[in-house]
Amino acid sequence: MAQAGRDSFELVDLCAVSVPICSCFDREPLQPCETTSDLVGSIRSATLGLSSCLPGTAIRTSPGAGSMSSKTGLTLYTAGTPNGWKASILLEELGIPYRVHAIAMAKNEQKEPWFIKINPNGRIPAIVDHDEGDLPVFESGAIMIYLAEKHGKCLPTNTRSKAEVISWLMFQMGGLGPMQGQAAHFVRFAPEQIEYGIKRYTNETKRLYGVIEKALSDGRQWLAAGEYTIADIANFSWMYVHQMAGITLDDLPHVQAWMKRIEERPAVRRGIDVPEPFDKAAMQDPKKAALQVLLTAEQRMTLTGASSIPKMFASRSCTCKKALPGS
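All values reported here derive from a predicted model rather than from experimental measurement. (Residues numbered from 1 in each chain as written. Predicted model: local features only at pLDDT ≥ 70, side-chain atom pairs only at ≥ 80, totals over all residues. Heavy atoms only, no water.)

Participant: Give a description of helix 7 (residues 230-239) that names residues and reports values.
Facilitator: The element helix 7 is extensively covered by neighbouring structure, given that 10 of its 10 residues are classed as buried. Regarding helix 7, the residues found buried are I230, A231, D232, I233, A234, N235, F236, S237, W238 and M239. (Buried < 20%, exposed > 50% of the residue type's maximum accessible area, 1.4 Å probe, protein only. Helix = DSSP H or I, 4+ residues; strand = E, 2+ residues; numbered from the N terminus.)

Rendered as structure tokens:
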């Protein structure tokens, strides 16, 4: 299970912290930036139905990777996204201890030199295996294969079965993930309505969901090799937030049943709550859904100020602006 010890986290009351107000995506902070602590509670209570404080949220306080050589075990560098969940769910399924370093994407921490040494592409998730000479592994699919092979779980060793699992993993890596990510962008976050982009990516995402529905319609319980594997974890992690891309599961009964089986696994629930709890109920409301995905831990405090709302949050698709108090 994830460890949040003194060397990696400090539990603090976020309501006592003043932070810059900026974009939550993988880009430079938007200008002008402001600071406020009052906005934290108001955004949460008005849009996510949370209490005004949320004490006990984990904030990373350790230095970057400078002390890696003194550690043992494994460190996961991640954020609360589908790709991040792929790694954390698998780690929970494996039942091995690991540290969590929550990457502050709102501050472009993933672009800092110390992290680029771990992942030259500057993206989450990434891991460092301290028991293998501080070996860095990046790209979520590569992390899953590495961990599953090393620990002998969630990936068959039989050549035929392994090939089947990896095929479905690559289906997610090369198809479902990128297409659904683009669909979510055009549906929720694009600064202007572009019907071509919306239709292109939502239709392709629906088609890919249909591929999984057809595969499951033959009576199988899991996607590949007749057992629960990294293929199920990878595809589930993205489909878990299907509402963000404007996708419904109404006509996909086999997908619904498969996702229910996965979601009921205790390790999956724990993995989704890394590096902080995820409110699935908020996904039913478009305004709350956008904020829930965007605002994780520190990022919940860095969406926008009432006097400086970025264009991306004022578009037709993303109605976050209306959710802010006083707007």
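Now, onward.
Participant: Account for the confidence of the model for the protein, naming residues and giving values.
Facilitator: A residue-level look at the protein finds 65% of positions with pLDDT of 70 or above and a mean pLDDT of 75. Throughout residues 4-69 the model reports pLDDT below 50, and contacts reaching past four residues in sequence, or to other chains, amount to 147 contacts. Low confidence marks residues 295-327, where pLDDT is under 50. Its contacts with residues over four positions away, or in another chain, come to 97 contacts. (pLDDT = per-residue confidence, 0-100. Contact = heavy atoms within 4.5 Å.)

Participant: Report on the packing of helix 2 (residues 82-94) against helix 7, specifying residues and quantitative values.
Facilitator: With their axes 8 Å apart at the nearest point, helix 2 and helix 7 run at an angle of 140° to one another. Relative to helix 7, helix 2 is oriented oblique. With respect to the hand of their crossing, helix 2 and helix 7 are arranged in right-handed fashion. Only I230, I233, A234, F236, S237 and W238 of helix 7 make contact with helix 2, whose side of the interface consists of P82, N83, W85, K86, I89, L90 and E93. Grouping the amino acids of the contact of helix 2 with helix 7 by side-chain chemistry returns nine nonpolar, two polar and two charged. (Axes fitted to C-alpha atoms, helices over the stretch in contact; angles between N-to-C directions. Parallel < 35°, antiparallel > 145°, perpendicular 65-115°, else oblique. Left-handed = near helix turned anticlockwise from the far one by under 90°. Nonpolar A, V, L, I, M, F, W, Y, C, P; charged D, E, K, R; others polar.)

Participant: I'd like a description of helix 4 (residues 140-151), backed by residues and values.
Facilitator: Between its first and last C-alpha, helix 4 extends 16 Å over 12 residues, near the 16 Å set by a 1.5 Å rise per residue. Buried residues of helix 4: S140, G141, I143, M144, I145, Y146, L147 and A148, and no others. Against strand 6 (74-78), helix 2, strand 8 (126-129), strand 9 (135-138), helix 5 (159-189) and helix 7 lie the buried residues of helix 4. Backbone geometry just after helix 4 places G152 at a positive phi near 65°. (Expected span 1.5 Å × (residues − 1).)

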